[in-house]
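Structural description and commentary
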Amino acid sequence: MAVHSFDTMGTMVSIRIADAEISEHTADDSVISVLNELEHEFARLNEKYSLYRDDSEISQVAAGALSLADASEEMREEYARALHWREKTDGAFTPHRPDGVIDLSGTIKAVAIDAASKMLHSAGFDNFSVNVGGDLTTSGNQGLDERGWVTGIVDPEDRGTMIAAVRLTAEFPAMATSGSAERGEHIWLRPETTKDFVQATVIAEDIITADVLATAIISGGHATLDQITQNFAVAVMTVAPDGSLQANAHFQELIAR
Amino acid sequence: MRAGSAFLAGVGSAAIVAIGWQAGVGTLVSSLPQSQAAASGATTAASSSSGASSSTTADTSTPAATTAPVASGIADGTYDGAVVNTRYGPQQVQVVIAGGKISDVVVLQTQTADRKSEQISSRANPILREEVLTSQSSKVANVSGATYTSQSYIQSLQSALDAAGFTG
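Not measured: the values here are computed from a predicted model.

1. Overview of the overall build of chain B
If you tally the helices and strands in chain B, you get seven helices and six strands. Mapped from its N terminus to its C terminus, chain B presents α and β elements in the order α-α-α-β-β-β-β-α-β-α-β-α-α. When each of the 168 residues of chain B is scored for burial, the buried share is 32%.

2. Structural notes on the nonpolar core
In terms of nonpolar packing, the biggest core is built from 83 residues, with Ile17, Val202, Ile203, Ala210, Leu213, Ile217 and Val236 of chain A touching the most fellow members. Take this core: its biggest share by element is 11 residues, from helix H5 (residues 207-231) of chain A.

3. Some details on helix H3 (residues 73-88) of chain A
For an α-helix the count is 3.6 residues per turn, leaving residues at separations of three or four pointing the same way. Residues and elements named next belong to chain A. Helix length check: H3, at 16 residues, gives a terminal C-alpha distance of 23 Å against a target of 22 Å (1.5 Å per residue), a fit within 8%. Within the span of H3, buried status applies to Met75, Glu78, Ala82 and Trp85. Taken down its axis, H3 places every buried residue within 85 degrees of arc, on the same side. Turned more than 90 degrees away from the buried face of H3 sit Glu73, Glu77, Ala80, His84 and Glu87, all of them exposed. Along its buried surface, H3 packs onto helix H2 (57-62), helix H4 (105-122) and H5. Positive backbone phi, approximately 55 degrees, marks aspartate 90, located one or two places after H3.

4. Remarks on the confidence of the model for chain A
Residues and elements named next belong to chain A. With 93% of its residues at a pLDDT of 70 or more, chain A shows a mean pLDDT of 91. Across chain A, strand S4 (residues 135-139) holds the top mean pLDDT of 98, while strand S6 (residues 158-168) sits lowest at 90. Every residue in residues 182-186 is under pLDDT 50, and counting partners more than four places away or in other chains gives 12 contacts.

5. Comments concerning the sheet that holds strand S5 (residues 125-127) of chain B
Strand order in this open sheet of nine strands is S1(A)-S2(A)-S3(A)-S4(A)-S7(A)-S8(A)-S9(A)-S10(A)-S5(B), and the pairing throughout is antiparallel. On the outer flanks of this sheet lie strand S1 (2-8) of chain A together with S5 of chain B, each paired with one strand and no other. Direction aside, the axes of adjacent strands within the sheet are offset by 15 degrees on average. The pairing of strand S2 (residues 11-17) of chain A with strand S3 (residues 128-132) of chain A spans five bridges and is antiparallel. Bridged to isoleucine 15 of chain A within S3 of chain A is valine 130 of chain A. Relative to S1 of chain A, helix H1 (residues 29-49) of chain A is tilted by about 20 degrees, and along the sheet it contacts S1 and S2 of chain A. Sheet strands in contact with H4 of chain A are S2, S3 and S4 of chain A, and its direction is about 20 degrees off that of S4 of chain A.

6. Things to note about the interface of chain A and chain B
Counting from both sides, the interface comprises 57 residues of chain A and, opposite them, 34 residues of chain B. Residue composition of the side of chain A that touches chain B, by class: 23 nonpolar, 25 polar and nine charged. By the bridge criterion, three bridges tie strand S5 (residues 149-155) of chain A to strand S6 (residues 142-144) of chain B in an arrangement that is parallel. Bridging across to S6 of chain B, threonine 151 of chain A finds its partner in asparagine 142 of chain B.

Conventions and cut-offs
- Residues numbered from 1 in each chain as written.
- Chains lettered and ligands numbered in written order.
- Predicted model: local features only at pLDDT ≥ 70, side-chain atom pairs only at ≥ 80, totals over all residues.
- Helix = DSSP H or I, 4+ residues; strand = E, 2+ residues; numbered from the N terminus.
- Buried ≥ 20, exposed ≤ 12 C-beta atoms within 10 Å, placed from the backbone.
- Core = buried A, V, L, I, M, F, W, Y, C linked by C-beta atoms within 7 Å.
- Expected span 1.5 Å × (residues − 1).
- Arc of directions from axis to C-beta.
- Contact = placed C-beta atoms within 7 Å.
- pLDDT = per-residue confidence, 0-100.
- Pairing = 2+ DSSP bridges.
- Axes fitted to C-alpha atoms, helices over the stretch in contact; angles between N-to-C directions.
- Nonpolar A, V, L, I, M, F, W, Y, C, P; charged D, E, K, R; others polar.

What follows is the structure, given as structure tokens:
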């Protein structure tokens, strides 16, 4: 198992490649090469979409120095993607800050995870996980004798412990967790933001769906949770302020036993 | 009367065993003392109205304890157990006493219809913590949680797992 961690987007990325090894003495060139490529892609997306950088393209748009119509094609496509998700979640997820500024950080991290996954596949790896600040996607198996990737969910009341362990496999390889107290700048404390859940975990076919829907559940509460479990093929578990859990049937099927 | 209450506590346990078997998983059953208390309550209250509609055996409206012979501890008849909440919804058993012994245990509420509708609607329902964390957690390779910063990563479970990955 090759494990590689690096700092980007204000958080840490942890990559695990089950079909590769990295040690002081041996380093497979293909592993080093794809990890380099992947780090560059995270850096590129961060430079372009971070509102913490004055020189980023999105900061230029926010400042009014660059109109959206004149922004890069990629920027416009990512904005369209975020608006599409706003529509699908009845507005519970939104790329707009209360002050009107466009903020794509709610989707870009997941877009980067998705890109990293594709790069690893292209480099010939089949068994890996890409975890960015607690949101992850997986491929294949974590070991010869371990099907899928056994993944824990952190207890929001005690970040040092886990409340659940699930097995991510080909059908549901991606998982994202949002919290009401997280640093994540894409959950706005709008007047209508609910306090129904302190944490929401969504497991889906892809990381973008999982990440957006986890955010939407925190923002929209019970009503959004019901809408999502009805309309999307996802596994969901939520934690209420009193610590009680809710999960749908899909989630219960994924519990690692 | 002591013998009677002790016996009924036993009925409560029997009900729990039966429910556990019905649900297929032992962990689904709620706390034992609560069930015992409710089952013991049947001594004076006999069965509640909830059992009447499902019951096809005996007249459950007659308080059985008032006519209970002291020697056998409990009169023949049909007694409803406590309603126990499981992941599949409330479950209740009915215990038939014949000759002072349990002759039959009938499940009153299996909630089959509700289970089906829950699966169709895919709603998220309450789930117990014991049901989601299993022995498999020792094999966890990643953790998912609300975003940690670069600074807080060092204290995160993920950093511990990453460190373990380097050496093991």
